[in-house]
Amino acid sequence: MRVLARRLGVALDLVEATGPGGTITRADVERAAKQMSHGGPAEPLRGLRRAMAQRITAAHAEIVPATVTDEADINDWRQGEDVTIRLVRAIAAACKSEPALNAWYHSGSEERRLIERIDLGIAVDTGGGLIVPVLRNVAERSVSDLRAGLDRLRADAIARAIPPEELRGATITLSNFGMIGGRFANLIIVPPQTAIVGAGRISERAVAHQGQVAVRRTLPLSLTFDHRVVTGGEAARFLVVLKSDLERIP
């Protein structure tokens with residue numbers, strides 16, 4: 001079968017075996033070759049996609065993730081409210097309330113380091129792959145300064161002009177995937193971080209409000225945390241503060 005697979009350009013580890021005892025038959029190899037003929041040529045991952053694959057592989061092998069979800073009622077927000085900035089500020093408030101989620105954990109030495117400053121990774125979909133620049137010291141910056149910083153990071157990320165040091169040192173990450181679509185997600189934590197917050201698509205939903213059913217704008221929230229070092233209680237309390245801050249009327 002190896003000679004046939006090599007002649008047809010089929011990788012045996014990708015072939016579904018149907019023979020006795022899990023062996024690969026000639027028909028299995030020919031079927032795989034036929035399926036491959038309907039696709040494009042194999043392309044090695046390069047650049048951002050290669051780096052992304054390596055980071056995700058390491059995260060999957062190391063971290064023990066768990067996810068909790070909720071929804072924030074944002075129906076009373078002002079017209080034109082800056083969603084991302086509200087999320088950044090809410091994450092800062094939640095981190096101050098539950099520091100275990102703004103931390104690094106090094107599994108080799110089994111050491112956890114709580115971090116006072118909040119350096120927030122912002123996941124950016126560039127089309128060529130995922131990049132996560134870091135917005136520094138978010139708890140101590142003004143709204144206008146945060147917005148200017150976000151605009152600069154996103155522009156640099158899309159232009160592939162971010163210096164390497166701007167991609168290092170995040171203490172927690174935000175994925176605002178709802179700008180594209182989706183409600184809730186099981187997100188990937190990049191070591192040594194211990195948590196990532198996901199914001200889903202804002203939509204109008206029928207909910208209980210002041211004792212009656214009402215149609216309200218809601219923001220779905222997902223919090224994935226490393227259960228090796230963050231307890232379910234810490235994660236739940238973080239999510240409560242996150243939701244409460246988002247529902248607060250300035």
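Basis of the calculations
Residues numbered from 1 in each chain as written. Predicted model: local features only at pLDDT ≥ 70, side-chain atom pairs only at ≥ 80, totals over all residues. Heavy atoms only, no water. Helix = DSSP H or I, 4+ residues; strand = E, 2+ residues; numbered from the N terminus. Buried < 20%, exposed > 50% of the residue type's maximum accessible area, 1.4 Å probe, protein only. Contact = heavy atoms within 4.5 Å. Areas by Shrake-Rupley, 256 points an atom, 1.4 Å probe, with all protein chains shown as cover. Lys, Arg positive; Asp, Glu negative; His and termini not counted. Charge placed at Lys NZ, Arg CZ, Asp CG, Glu CD. Pairing = 2+ DSSP bridges. Expected span 1.5 Å × (residues − 1). Arc of directions from axis to C-beta. 1 Å grid on protein atoms, 1.4 Å probe; cavity = no way out; pocket = protein on both sides within 12 Å on 5 of 7 lines; lining within 4 Å. Points joined across faces, edges and corners; volume = space filled by probe spheres on them. Nonpolar A, V, L, I, M, F, W, Y, C, P; charged D, E, K, R; others polar. Salt bridge = Lys/Arg side-chain N within 4 Å of Asp/Glu carboxyl O.

### Examining the overall build of the protein
Check the secondary structure of the protein and you find six helices and 11 strands. Here the C-alpha coordinates of the protein stretch approximately 70 × 45 × 35 Å along the principal axes. Taking all 250 residues of the protein together, 38% fall into the buried category. In the protein, the proportion of contacts linking residues at least 24 apart, taken out of those at least 6 apart, comes to 61%. For the protein, the accessible area works out to roughly 13800 Å², and carbon and sulfur atoms hold 52% of it. Counting 33 positive and 29 negative side-chain charges, the protein places the centres of these two groups 5 Å from one another.

### Considering the pairing of strand β9 (residues 195-199)
Counting buried positions along β9 yields five of five residues, so the element is predominantly enclosed. Judged by which residues are buried, β9 turns out to be covered on both faces: Ala195, Val197 and Ala199 on one side and Ile196 and Gly198 on the other are all buried. The pairing of strand β8 (residues 172-175) with β9 spans three bridges and is classified as parallel. Looking at β9, one finds that Ser175 is bridged to Gly198. Pairing analysis gives five bridges linking β9 to strand β11 (residues 212-226), with the strands arranged antiparallel. Within β11, the residue paired with Ala199 across the bridge is Leu221.

### Digging into helix α5 (residues 143-158)
The end-to-end C-alpha distance of α5, which contains 16 residues, comes to 23 Å, matching closely the 22 Å that a straight helix rising 1.5 Å per residue would cover. All of the buried residues in α5 are Leu146, Gly149, Leu150, Leu153 and Ala157. All buried residues of α5 fall inside an arc of 100° around its axis, so they share one side. Those residues of α5 that are exposed and aimed more than 90 degrees away from the buried face are Ser144 and Ile158.

### Some remarks on the layout of surface pockets
By volume, the largest pocket is sized at about 860 Å³. In terms of lining residues, the largest pocket is bounded by 33 residues, among which Ala123, Val124, Leu130, Ile131 and Val132 are the most central. Here the residues of the lining of the largest pocket are counted per class, giving 23 nonpolar, six polar and four charged.

### Regarding the environment of Gly127
For Gly127, the location among the structural elements is in the loop between β5 (124-125) and β6 (130-131). Remark: the alpha-carbon pair of Gly127 and Gln210, spanning 83 residues in sequence, is separated by 43 Å.

### Section: the pattern of salt bridges
Evaluated as defined, the whole model comprises 19 salt bridges. Two residues, Arg237 and Glu98, come together in a salt bridge whose shortest N-O distance is 2.9 Å. Pair noted here: Arg237 is in helix α6 (residues 232-247) and Glu98 is in the loop between α4 (83-97) and β2 (103-106), with a separation of 139 residues, a long-range link. Judged by relative accessible area, which is 11%, Glu98 ranks as buried. Between Asp119 and Arg136 there is a salt bridge, with its nearest N and O atoms 3.8 Å apart.

### A few points about unusual backbone geometry
Following Pro191, the chain continues to Pro192 via a peptide bond in cis, the omega torsion being 10°. Looking at where Pro192 falls in the secondary structure, it is placed in the loop between β8 and β9. The backbone phi angle of Gln210 is positive, close to 55°, even though this residue is not glycine. Structurally, Gln210 is set in the loop between β10 (203-209) and β11. Using a relative accessible area of 74% as the deciding quantity, one classes Gln210 as exposed.

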